[in-house]
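# Coordinate inspection notes
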Amino acid sequence: MKKFRIEKEIIELFPEIEIGVLVCNGIDNTVKDKDKYVDYLAEAQKISAKYTSAEEFTENPVIRAWRDAFYKFKTKKGARCSIEALLKRVKNGGTIGTINPLVDIYNGISLKYGVPVGGENIDAFAGDNRLAIADGTEEFITYGSDKSEPPSPGEVVYKDDAGAICRCFNWRESVRTMLEEDTVNAFMCIETIDGKSSENLNAALDELAEMIEKELGGTVVKHILNKDNTEVVIAE
């Protein structure tokens, strides 16, 4: 059995945190049409403009909330929330390219709802997945690298028994658990930390679940974790 849980120290740091989780089993994530999600991502990029209407980029509420959150724990210099990185790229005239169906789907949801969305291969987890404070010894190798870059002590990370899964909440993920075409069972998560986004979180989670089931098949089960519900089984 594998579980996902939010550790006590995270609740103490972010008492209003809500993590939306989808447990996806039996999906088919193979790329059958390389251009299938180009239009989907282009439309999501247009919708995302409403989150960057403030003249000063960092004063957009979506960006400000996560900048303030990152100030509360130890981070690597330059680390930014994944939704900030996506919105900044689009704001600067860039585009979001396709990777594989599940990643394309969740990037679109992230842009449409202004929330950080992530996903990992459940079968690659070593034991439970925990949202926790790093002790600095966790092994972590990210995409494009061949050496371990452990998180700083005090950094917020997703981790399992083998090391860090994702650093600074959702900034960089480990190659060990990343979603690939052969992923069959996936852990998807959407994060909010301000206590004001429950309705948006649920809407984003529902659309993500619907798209995964429609496009990739399998089964999808939804959970919401918070200070009163900190643990869920993600694999029997």
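We now turn to the structure provided with this report. Predicted model, so just to flag it, every value in this text is computed and none were measured.

## Topic: the nonpolar core
Proteins that are soluble and globular tend to have nonpolar side chains buried together. Within the largest apolar cluster, 69 residues are counted, with the highest numbers of intra-cluster contacts made by Phe-4, Ile-19, Leu-131, Phe-169, Met-188, Leu-208 and Ile-212. The element that contributes the greatest number of residues to this core is helix H6 (residues 198-216), accounting for eight residues. Those residues in contact with Ile-212 that sit more than four places away from it in its chain are Leu-22, Cys-24, Ile-27, Leu-102, Met-188, Gly-217 and Val-220.

## Some thoughts on the sheet that holds strand S1 (residues 2-6)
The sheet built from six strands is open, its strands ordered S7-S6-S5-S4-S1-S10 with mixed pairing. Strand pairing shows two members of the sheet lacking a second neighbour, strand S7 (172-173) and strand S10 (231-235), which therefore form its edges. Here strand S4 (residues 129-133) pairs with strand S5 (residues 156-160) via four bridges, running antiparallel. Bridge pairing in S5 places Ile-133 opposite Val-156.

## Digging into the pattern of salt bridges
Tallied over the entire structure, the rule returns 15 salt bridges. The network of salt bridges with common partners includes Arg-5, Glu-7 and Asp-128.

## Notes on the pairing of strand S2 (residues 18-25)
With seven of its eight residues buried, S2 lies for the most part within the structure. Alignment of S2 against strand S8 (residues 186-192), held across seven bridges, turns out to be antiparallel. When the sheet's bridge partners are listed, Gly-20 is paired in S8 with Ile-190. As paired elements, S2 and strand S9 (residues 219-225) share seven bridges and run antiparallel to each other. Bridging across to S9, Cys-24 finds its partner in Val-220.

## Quick word on the side chain of Glu-138
With respect to the element layout, Glu-138 can be found in the loop between S4 and S5. A distance of 2.8 Å separates polar atoms of two side chains, one belonging to Glu-138 and the other to Lys-159. Glu-138 has contacts with Pro-150, Pro-151, Lys-159, Gly-163 and Ala-164, leaving out every residue within four places of it along the chain.

## Digging into the environment of Gly-119
Along the chain, the position of Gly-119 falls in strand S3 (residues 117-121). Distance in space between the C-alpha atoms of Gly-119 and Val-21 is 9.5 Å, their sequence separation being 98 residues.

Reading the values: rules and limits
- Residues numbered from 1 in each chain as written.
- Predicted model: local features only at pLDDT ≥ 70, side-chain atom pairs only at ≥ 80, totals over all residues.
- Heavy atoms only, no water.
- Core = buried A, V, L, I, M, F, W, Y, C linked by side-chain atoms within 4.5 Å.
- Buried < 20%, exposed > 50% of the residue type's maximum accessible area, 1.4 Å probe, protein only.
- Helix = DSSP H or I, 4+ residues; strand = E, 2+ residues; numbered from the N terminus.
- Contact = heavy atoms within 4.5 Å.
- Pairing = 2+ DSSP bridges.
- Salt bridge = Lys/Arg side-chain N within 4 Å of Asp/Glu carboxyl O.
- Polar contact = N/O pair within 3.5 Å; in protein donor to acceptor, adjacent residues only side chain to side chain.

Function cannot be inferred from these measures alone, as they are strictly geometric.
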